[in-house]
Amino acid sequence: MKVEPDGLLGAVIASESLGMTDTMINGAGGCRSRAQIMLHDLIPAYAPENAGCCRSKYFSRQSRLPCTYMNNEDVVFGASAKISEGVESVSEVTGRRVVLLDTLGASLICTDGARIGTRTGRPLTVEGDLSSMSMCEGYDRTVAAILSETDIEGGCTDAPSVNLLGYGIQDPGWEQGSEDLRRLLSAMGVETICVPGCLPERSRIGDIGKASLNVMVRPEYCMRTAELLEKRFGTPKLRLSKGAPVGYSAIRSFVREIASALGTDPSPALEMIDSEASAVHKVLMNYDRAPAGLRAKGFSIEGESSTALPLASWMAESFGMVPRSIRLMDSEYLPEITSLLRSIDAEDALENAEDGADVVFCDGIRALEGRLSRTTVSYVETRLPRGRHLDLMGRCVVGLKGCRYILDEMLNGVVRFRCGQPTEVDMRPGFKSRRRVGPGANYIGGTTGLERYHGRFRQGSEGCFPLHDPRSDGVSVHGRGLRSDVRRHGIQRPMGDTGQHRGVRGLRTVPCRQ
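Below or above, wherever it landed, is the structure these notes cover. Just so it is clear, the model here is predicted, and its values are computed rather than measured.

## Examining the nonpolar core
In this structure, V215 and F361 are the most contacted members of the largest nonpolar core, which totals 103 residues. Excluding residues that lie within four positions of it along the chain, F361 makes contacts with F299, S300, I301, E302, L311, M315, V380, T382, I406 and M410. Membership of the second largest hydrophobic core comes to twelve residues, among which are C53, V93, V98 and I116.

## Brief notes about the packing of helix α6 (residues 135-148) against helix α9 (residues 223-233)
Where α6 contacts α9, the two axes come as close as 7 Å, and the packing angle between them is 25°. What the angle tells us is that α6 and α9 run roughly parallel. From α6, D140, R141, V143, A144, L147 and S148 reach across to α9, where they touch M223, R224, T225, L228 and R232. A breakdown of the residues in the contact of α6 with α9 according to their chemical character gives five nonpolar, two polar and four charged.

## Digging into helix α7 (residues 174-187)
For an α-helix the count is 3.6 residues per turn, leaving residues at separations of three or four pointing the same way. Look at α7: 20 Å from first C-alpha to last across 14 residues, which is about the 20 Å you get at 1.5 Å a residue. Buried within α7 are the following residues: W174, G177, S178, D180, L181, L184 and L185. Burial along α7 is one-sided: seen end-on, the buried residues are contained in an arc of 155°. Packing partners of the buried residues in α7 comprise α2 (29-42), β4 (161-165), β5 (191-194), α10 (248-262), α11 (267-286) and α16 (399-412). Directly after α7, the chain includes G189, whose backbone phi takes a positive value near 80°.

## Focus on the environment of L328
Its location among the elements puts L328 in strand β9 (residues 322-328). In this structure, the C-alpha to C-alpha distance between L328 and S306, residues 22 residues apart in sequence, is 9.4 Å. Non-local contacts of L328, meaning those with residues more than four positions away in its chain, are made with G303, S305, A308, L334, I337 and L350.

## Quick notes on the layout of surface pockets
When its volume is computed, the second largest pocket comes out at roughly 1,100 Å³. Lining the second largest pocket are 40 residues, and of these L39, H40, I43, A45 and R64 sit closest to its centre. For the lining of the second largest pocket, the elements supplying multiple residues, two or more each, are β1 (22-26), α2 and α7. The residue inventory of the lining of the second largest pocket, partitioned by class, reads 15 nonpolar, 13 polar and twelve charged.

## A short note on the pattern of salt bridges
Tallied over the full model, the rule gives 25 salt bridges. Of the charged contacts, one joins R342 and E347 as a salt bridge, the two residues approaching to 3.3 Å between their closest N and O atoms. Using a relative accessible area of 48% as the deciding quantity, one classes R342 as partly exposed. On the basis of relative accessible area, E347 is assigned to the partly exposed category, the value being 41%. Between E409 and R371 there is a salt bridge, with the nearest N and O atoms lying 3.1 Å from each other. Residue E409 is located in helix α16, and its partner R371 is located in helix α15 (residues 364-372); the two are separated by 38 residues in the primary sequence. Exposure remark for E409: the relative accessible area of 12% places this residue in the buried category. For R371, a relative accessible area of 34% translates into the label partly exposed. A network of salt bridges, in which partner residues are shared, links E4, E302, R327, R366 and R383.

## A few points about the packing of α7 against α16
Close contact between α7 and α16 brings their axes to 7 Å; oriented N to C, the two are set at 130°. One element, α7, and the other, α16, form an angle in the oblique class. Touching Q176, D180, L181, R183 and L184 of α7 are G399, L400 and K401, all from α16. Class assignment for the residues of the contact of α7 with α16 results in three nonpolar, two polar and three charged.

## Thoughts on the packing of aromatic side chains
For the coordinates displayed, the defined rule picks out three aromatic pairs. Relative to W314, the ring of Y248 lies with its centre 6.0 Å away and its plane at 85°, an arrangement referred to as edge-to-face. Residue Y248 is found in helix α10, and its partner W314 is found in helix α13 (residues 305-319); the two are separated by 66 residues along the sequence. Assigned by exposure class, Y248 and W314 land together as buried. Here the aromatic cluster, defined as three or more aromatic residues joined through ring pairs, consists of Y248, W314 and F319. Here the guanidinium or amino end of R239 rests over the ring plane of Y333, the centre of that ring lying 4.2 Å away.

## Here we look at the state of the cysteines
Taken as a whole and assessed by the stated rule, the structure comprises zero disulfides. Free of any disulfide, C198 has its nearest cysteine sulfur in C194, 8.9 Å distant. When its relative accessible area of 12% is taken as the criterion, C198 is described as buried.

## Thoughts on the pairing of β5
Pairing of β4 with β5, which is carried by three bridges, proceeds in the parallel orientation. Paired with N163 across the bridge in β5 is C194.

Criteria and thresholds
- Residues numbered from 1 in each chain as written.
- Predicted model: local features only at pLDDT ≥ 70, side-chain atom pairs only at ≥ 80, totals over all residues.
- Heavy atoms only, no water.
- Core = buried A, V, L, I, M, F, W, Y, C linked by side-chain atoms within 4.5 Å.
- Buried < 20%, exposed > 50% of the residue type's maximum accessible area, 1.4 Å probe, protein only.
- Contact = heavy atoms within 4.5 Å.
- Axes fitted to C-alpha atoms, helices over the stretch in contact; angles between N-to-C directions.
- Helix = DSSP H or I, 4+ residues; strand = E, 2+ residues; numbered from the N terminus.
- Parallel < 35°, antiparallel > 145°, perpendicular 65-115°, else oblique.
- Nonpolar A, V, L, I, M, F, W, Y, C, P; charged D, E, K, R; others polar.
- Expected span 1.5 Å × (residues − 1).
- Arc of directions from axis to C-beta.
- 1 Å grid on protein atoms, 1.4 Å probe; cavity = no way out; pocket = protein on both sides within 12 Å on 5 of 7 lines; lining within 4 Å.
- Points joined across faces, edges and corners; volume = space filled by probe spheres on them.
- Salt bridge = Lys/Arg side-chain N within 4 Å of Asp/Glu carboxyl O.
- Phe/Tyr/Trp six-rings, centres within 6.5 Å; stacked < 30°, edge-to-face > 60°.
- Lys NZ or Arg CZ within 6 Å of the ring centre and 35° of its normal.
- Disulfide = S-S within 2.5 Å.
- Pairing = 2+ DSSP bridges.

Dropping the structure here:
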């Protein structure tokens, strides 16, 4: 069964995010409700209902997503007349053109498209069966179809300018994310003319042909659109080599590649990135055991390849984490991801089911489910569907604010008991570590790179650090035995919880000499 967002949902999001058309669902009412609920979360700003929608039964007293409410008679006798009536009724209320999108059920009915026409004009349709497409493809096809029918001016601006394609309301915290990217580009003298997927003003869409460069923030969502604009206006497109600007390295690459394409100086933007990264680093250094504890732990990613590539690179290179599972929704950056995994001897992550991951990057519903379960895994929401009812903090994934959000979710995602005392036994006066390697070893030291231990990667270092052995019970590093209900170093005990304590995946420690 297909449970991922499909091309129909992508088409609905694309049409609504441009804000120039009315999106009409040709199908049953339940299909409309599903999309309406999601749009309510994707567009957080309140807008009053259009009182005129009460004049059309196809709106059903709600301003968004009119629907044909397909029934048994439509299946048997066809829905051409009903569609024509609905399109005309909706256009008379809003005065805008209608984008007609077929659900899976409607696509199976032999509807005579030649008979669909009204006094207000024919509806705009998307070629192909949307329900069989991925969300990315349905989104891209719909944006391209709408822009191809839109009056857009060509020309050029005096200053270097860009359009940011492929980024839109489907991204978490899109308002803050788009503003963050605009601010970085503005620092190096680059004007952002339009971000088509973020509810732009109509005048901005009319100027989209004047940009000097079309930056594909997420190519899987905008390749067809970028090719359309390049053919129509001659605007070159830029595919980012490190994926979407997620993580400091990818953000720097985003700035440098745009500056190189436009011939501008990236230094001011790079200074902003370095300053922000330095400020975050100071905070992390104050809680050094938290980020250091991520080393050699596993992570998993499911989502678009433009997010998976920079995330996997950031986790592996900056924190020494090991990819356990990477599940992609598209193949746009598959070659780059494969090359990255090969370089760290983790190619099997593309084939593995998620197992042993300590940090999970996933959709919001799965993240919410994970947080509600009593687990020692951090869940970070990076894609649809949303798991939060509202967001007042600007939890975006891209840009500098996105870095803070991801780090905050990773490090605060698990509640662990900490006594505040030093836990590294080699810090105790007079302690001498003994090098022991093997199934009974407490510590491993003097190794470099990644090595396998009990079938899992372990990151070595010049010093010693505790291994995670799920078979160990653990004893106190202070030389005192623990109660039977607290048999592991580091426990999770939510406030008010009187149930069994859960350990942090069996951190094995060394008994201290008395």
